[in-house]
Amino acid sequence: MKDVKDIHSLLGMIQEENTLAFNIFYEMYYDQVFRYAYYFLKDTESCREVVADVFFAVWQSRKRLKDIENLETYLFISVRNEVTHYHKKIGRHNHVSLDELSVQLEITEEESPHDKISYKEMEQLLGEIVGKLPEKCRLIFLMARQERLKPKEIAEKLCISENTVRVQMKIAIEKIIKQIKPYYPDLTLSLLWSLFFPVIS
């Protein structure tokens, strides 16, 4: 775990245009930024270009670094923005973004047409609710829901603590249940859980 005071001091030195401090920062966070980029791009060469752009943007914004409250969130949002710029630059529009990821419910063949319509409505509502979650919270939820990753696996991919993953999942689940219950008041908590969430172990 990186020491918060040390990071704050490092950011202060970068803010004063200390290139040695920036090189240290680069070495400390390169792998983490690369993981963020790879989640979107799934291509090593593209990731390298985006990561370079992210750190260049950090250097350009160095005067505001000490005002950052959550560095991990800042880096994640920076990656997402640079990925968007990258795809615009190369003219690709078929990339995966968090805003476009759907949240699909599992429907069996035995279910009636009415059931399928209800599930489709719930799926649409869930997608809208998930789309409004905070950035990191939404990413972690989608990694768990769509990729069926466990907290430990998500933590390793995003280079954060497993406890942070669990906390963010708890926040996501609470927000989703709170917003979906008014539309489906007869649904039990256990049924909501089984419909929308993978087993978290």
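This one's a predicted model, so the numbers in the text were calculated from it and none came from an experiment.

As a further point, take the environment of Ala155. As for its placement among the helices and strands, Ala155 is situated in helix 7 (residues 151–158). Measuring from C-alpha to C-alpha, the distance between Ala155 and Val165 comes to 6.3 Å, with 10 residues separating the pair along the chain. Not counting residues up to four positions away in its chain, the partners in contact with Ala155 are Ile160, Ser161, Glu162 and Val165.

Another point: the confidence of the model for the protein. Per-residue pLDDT for the protein averages 76, and the proportion of residues at 70 or more is 75%. The least confident element of the protein is helix 9 (residues 189–196), whose mean pLDDT is 54; the most confident is helix 3 (residues 44–60), at 90. Confidence over residues 104–117 falls short of pLDDT 50; this stretch has 16 contacts with residues more than four positions distant or in other chains.

Attention shifts here to the packing of aromatic side chains. Counting across every chain of the model gives 11 aromatic pairs. Summarising the aromatic geometry, the rings of Tyr26 and Phe55 are spaced 4.6 Å apart at their centres and angled 55 degrees between planes, so their arrangement reads as tilted. Placement of Tyr26 in helix 2 (residues 19–41) and of Phe55 in helix 3 is noted, with a sequence separation of 29 residues between them. Note on Phe34 and Tyr38: the rings are 6.4 Å apart at their centroids and 15 degrees apart in plane angle, and the pair reads as stacked. In this pair, Phe34 and Tyr38 are both assigned in helix 2, four residues apart and thus about one turn of the helix distant. You can call Phe34 buried: its relative accessible area is 18%. Look at Tyr38 and you get partly exposed, because its relative accessible area is 34%. Counting every residue linked through ring pairs, the aromatic cluster contains Phe22, Phe25, Tyr26, Tyr29, Tyr30, Phe34, Tyr38, Phe55 and Trp59. The side chain of Lys42 reaches across the aromatic face of Tyr39, ending 4.7 Å from its centre. Looking at Arg62, its charged tip hangs above the ring of Trp59, at a distance of 4.3 Å from the centre.

On the surface, Leu20, Ile24 and Met28 cluster together into a nonpolar patch covering about 270 Å² of accessible area. With respect to the element layout, Met28 can be found in helix 2.

This part takes up unusual backbone geometry. Of note, the phi angle at Glu17 is positive, near 65 degrees, even though the residue is not glycine. Summarising the element assignment, Glu17 is placed in the loop between helix 1 (4–15) and helix 2. A residue is classified by how much of its surface remains accessible, and Glu17, at 42% relative accessible area, is partly exposed. Positive phi values are uncommon outside glycine, yet Lys42 reaches one of about 55 degrees. Among the secondary structure elements, Lys42 is positioned in the loop between helix 2 and helix 3.

Conventions used here
Residues numbered from 1 in each chain as written. Predicted model: local features only at pLDDT ≥ 70, side-chain atom pairs only at ≥ 80, totals over all residues. Heavy atoms only, no water. Helix = DSSP H or I, 4+ residues; strand = E, 2+ residues; numbered from the N terminus. Contact = heavy atoms within 4.5 Å. pLDDT = per-residue confidence, 0-100. Phe/Tyr/Trp six-rings, centres within 6.5 Å; stacked < 30°, edge-to-face > 60°. Buried < 20%, exposed > 50% of the residue type's maximum accessible area, 1.4 Å probe, protein only. Lys NZ or Arg CZ within 6 Å of the ring centre and 35° of its normal. Patch = residues over 30% accessible without salt bridge, like charges linked within 9 Å, V, L, I, M, F, W, Y side chains within 5 Å. Areas by Shrake-Rupley, 256 points an atom, 1.4 Å probe, with all protein chains shown as cover. Salt bridge = Lys/Arg side-chain N within 4 Å of Asp/Glu carboxyl O.

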